[in-house]
Amino acid sequence: MACLLEAPLRISVLSEVTATSRHYVDRLFDPDPQKVLQGVIDMKNAVIGNNKQKANLIVLGAVPRLLYLLQQSSSSLELRTECAVVLGSLAMGTENNIKSLVDCHIIPALLQGLLCPDLIFIEACLRCLRTVFISPVTPVQLLYTDPTVIPHLMSLLSRSQRTQEYITQIFSHCCKTPEHQTVLFNHGAIQNIAPLLISPSYKVRMQALKCFSVLAYENTQVSMTLVNVLVDGELLSQVFVRMMQRDQPIEMQLTAAKCLTYMCRAGAIRTDDSCIVLKTLPCLVRMCSKEHLLEERVEGAETLAYLMEPDVELQRIASTTDHLVAMLADYFKYPSSVSAITDIKRLDHDLKHAHELRQAAFKLYASLGSNDEDIRKKPILESGVVELLCSLTQSDSPALRVNGIWALMNMAFQADQKVKVEIVRCLGTEQLFRLLSDPDTNVLMKTLGLLRNLLSTRPHIDQIMSSHGKQIMQAVTLILEAEHSIEVKEQTLCILANIADGNTAKELIMTNDDMLQKVKYYMGHSNVKLQLAATFCISNLIWNEEDGSQERQDKLREMGFVDILHKLTQASDPNLSDRAKTAMQQYLA
């Protein structure tokens, strides 16, 4: 397995169950109802912000007991409410927690709880349902299993601002298909949710708006109905226009623009209507500009592409609006040199969205060019973007070198072989190795990140290592021998682990005893991150299902690696001991 940016490490939850966790669960079975209530309250305080404790309690069977107490008519309202609150807190942990809750049939139990007349209890059940349903691992179909649920949720919308917020959030997350749109439409979603657009609560307005965007998407029936809806005497489309004004939060502007875009694409609003040409289109173009967060720009660009795709006139207007084409070219030069120096957190965040940003730019270029020859003549990759970025890496300015290498690293992320080969060809091995000895640590780290992204997926690893293996192994050796930070060495060992994951590339490590000794040294290092990365490398070399694994295992056993792995299975760090145990299992299989 290739060592990706965040290696998934299995942690045995059972091994960490503590007596304290058992004590919390035991108290739920006390014959004294008052002690049970106090036990639930103490459990609530113990799990807040503590994922390990949440996992322990789930493993020990707290969930079925909490659900039992929540459903018992003999339980006091206070106890039932506290149980719903604790279950909501457990749901805020990991995706595995959510899976466990769903497997224990939490959804039907909480939906049943909504029949209780007490508002505080209803709100606690809805808050928990909201948390469960917004998780990607929850099957949304569970909301539609019982046909009485949707009408009952509609009837609860008038109870409080909280019920409005939670229910509309549940609807917007669980409306995934035309069938879901129809069910919600038939049960009065439009007339029940429309008044919430002028609620005094921003959260309620925002969730109601999101509901309309998912209801209207590619749905003519909903869109045609929305056009004629009045909210407090004002047409709904005008309410959406107000929500796109610059003084509104970005999230609201974007979602309102989506609603109008979807209504337009469904044929409910003409493409030459002033609310599209003068309001929606400029709002979406504005979202593409560099002062916005990357995910906002992705959403803006994708929505804009969808809006103008079938309409030549909108494409013409967009291409001349606010230098849109120049802004798109800019999507490939991110992040800017200012942020490269000053805001590492922002950069980290940008990296995660840079791949999506490129995809959005491609969509928008395609949409701009679908009916317009002038724009189609300039496909972005043929416009010399790779050359531009490679030339930036030779700049005297460290900030510009960081920019160039960072953008190449983004471009190489999950890229196809053609793009990777073009980057290596254009950058050239000499420049790549010059960057690997750059005095600026930021440049060095980004270059290692580029190398790591180039060396991902086996065919790519094997192809690049077959042509540049010797130089890459030399560079890895030099970095591991020199005085560098833990982060630099960790990144370098992760590159080595990726090489170890190749089919033929791994032989470059196996035939290099000096490199194997270095890996051995880092397995015994005092820093856990370096031990983990080095152990990952060995794990990939000895993986059973691969050709020649027996010979590699024998050689590494002779070199003393099994003894080190055995020692590491006792490591105090659970990730490291788990990784060592996984590697040891390859010998036992």
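Just so it is clear, the model here is predicted, and its values are computed rather than measured.

This part takes up the packing of helix H28 (residues 441-454) against helix H29 (residues 458-481). Helix-helix packing is described using two parameters, namely the angle between the two axes and the distance between the axes. Contact pair H28 / H29: the axes reach a minimum separation of 11 Å and the direction vectors enclose 150 degrees. By the angle between their axes, H28 is roughly antiparallel relative to H29. In this structure, H28 meets H29 at a crossing whose hand is left-handed. Counted together, Leu-444, Leu-448, Leu-451 and Leu-454 of H28 and His-460, Ile-464, Ile-472 and Ile-479 of H29 form the full contact between these two elements.

Moving on: the confidence of the model for the protein chain. For the protein chain, the average pLDDT comes to 87, and 87% of its residues sit at 70 or higher. Below pLDDT 50 for its whole length, residues 336-342 participates in nine contacts with residues either more than four positions away or in separate chains.

Glancing now at the environment of Leu-294. Mapped onto the secondary structure, Leu-294 falls in helix H18 (residues 294-308). Sequence separation between Leu-294 and Leu-357 is 63 residues; the distance between their C-alpha atoms is 6.9 Å.

The next subject is the UniProt feature "repeat: ARM" (unreviewed entry) in the protein chain. When the UniProt feature table is mapped onto this chain, "repeat: ARM" (unreviewed entry) is found at residues 61-97 and 427-469. Along residues 61-97 one finds 76% helix and 0% strand; the C-alpha atoms at either end are 12 Å apart.

In this section: helix H25 (residues 398-412). Taking 1.5 Å per residue as the helical rise, H25 with its 15 residues ought to reach 21 Å, and the 21 Å between its terminal C-alpha atoms agrees with that figure. In terms of residue burial, H25 counts as a mostly covered element, since 13 of its 15 residues are buried. Immediately beyond the C-terminal end of H25, within one or two residues, lies Gln-414, with a positive phi of roughly 55 degrees.

The contact between helix H33 (residues 528-542) and helix H34 (residues 549-558) brings their axes to 8 Å, and the two run at 135 degrees. Judged by the inter-axis angle, H33 sits oblique to H34. For the pair formed by H33 and H34, the contact residues are Ile-538, Leu-541 and Ile-542 on the first element and Ser-549, Arg-552, Gln-553 and Leu-556 on the second. Classifying every residue of the contact of H33 with H34 gives four nonpolar, two polar and one charged.

So, on to the nonpolar core. Within the largest apolar cluster, 120 residues are counted, with the highest numbers of intra-cluster contacts made by Leu-66, Leu-87, Leu-143, Phe-171, Phe-212 and Phe-240. Here Leu-87 is in contact with Val-63, Leu-66, Leu-67, Leu-70, Leu-101, Ile-106 and Cys-128, once residues within four sequence places are set aside. With 72 residues, the next largest nonpolar core counts Leu-389, Val-402, Met-409 and Ile-461 among its residues.

Relative to the helices and strands, Ser-89 is located in helix H5 (residues 77-91). Those residues in contact with Ser-89 that lie beyond four places of it in its chain are Val-47, Ile-48 and Lys-54.

The backbone of His-105 shows a phi angle near 60 degrees, a positive value even though the residue is not glycine. Topologically, His-105 is positioned in the loop between helix H6 (95-103) and helix H7 (106-113). Non-glycine residue Asp-232 carries a positive phi angle of around 55 degrees. Here Asp-232 shows up in the loop between strand S1 (230-231) and strand S2 (234-235). Taking relative accessible area as the criterion, Asp-232 reaches 71% and is therefore assigned exposed.

Further remarks concern the packing of aromatic side chains. In total, this model carries five aromatic pairs according to the counting rule given. Through pairs of rings, three or more aromatic residues link up here, namely Tyr-217, Tyr-262 and Tyr-306. The lysine or arginine in question, Arg-265, covers the ring of Tyr-306, its NZ or CZ lying 4.3 Å from the ring centre. Taking the ring centre of Phe-561 as reference, the NZ or CZ of Lys-520 above it sits at 6.0 Å.

Definitions and limits used
- Residues numbered from 1 in each chain as written.
- Predicted model: local features only at pLDDT ≥ 70, side-chain atom pairs only at ≥ 80, totals over all residues.
- Heavy atoms only, no water.
- Axes fitted to C-alpha atoms, helices over the stretch in contact; angles between N-to-C directions.
- Helix = DSSP H or I, 4+ residues; strand = E, 2+ residues; numbered from the N terminus.
- Parallel < 35°, antiparallel > 145°, perpendicular 65-115°, else oblique.
- Left-handed = near helix turned anticlockwise from the far one by under 90°.
- Contact = heavy atoms within 4.5 Å.
- pLDDT = per-residue confidence, 0-100.
- UniProt positions renumbered as here; feature names shortened; annotations may be inferred.
- Expected span 1.5 Å × (residues − 1).
- Buried < 20%, exposed > 50% of the residue type's maximum accessible area, 1.4 Å probe, protein only.
- Nonpolar A, V, L, I, M, F, W, Y, C, P; charged D, E, K, R; others polar.
- Core = buried A, V, L, I, M, F, W, Y, C linked by side-chain atoms within 4.5 Å.
- Phe/Tyr/Trp six-rings, centres within 6.5 Å; stacked < 30°, edge-to-face > 60°.
- Lys NZ or Arg CZ within 6 Å of the ring centre and 35° of its normal.

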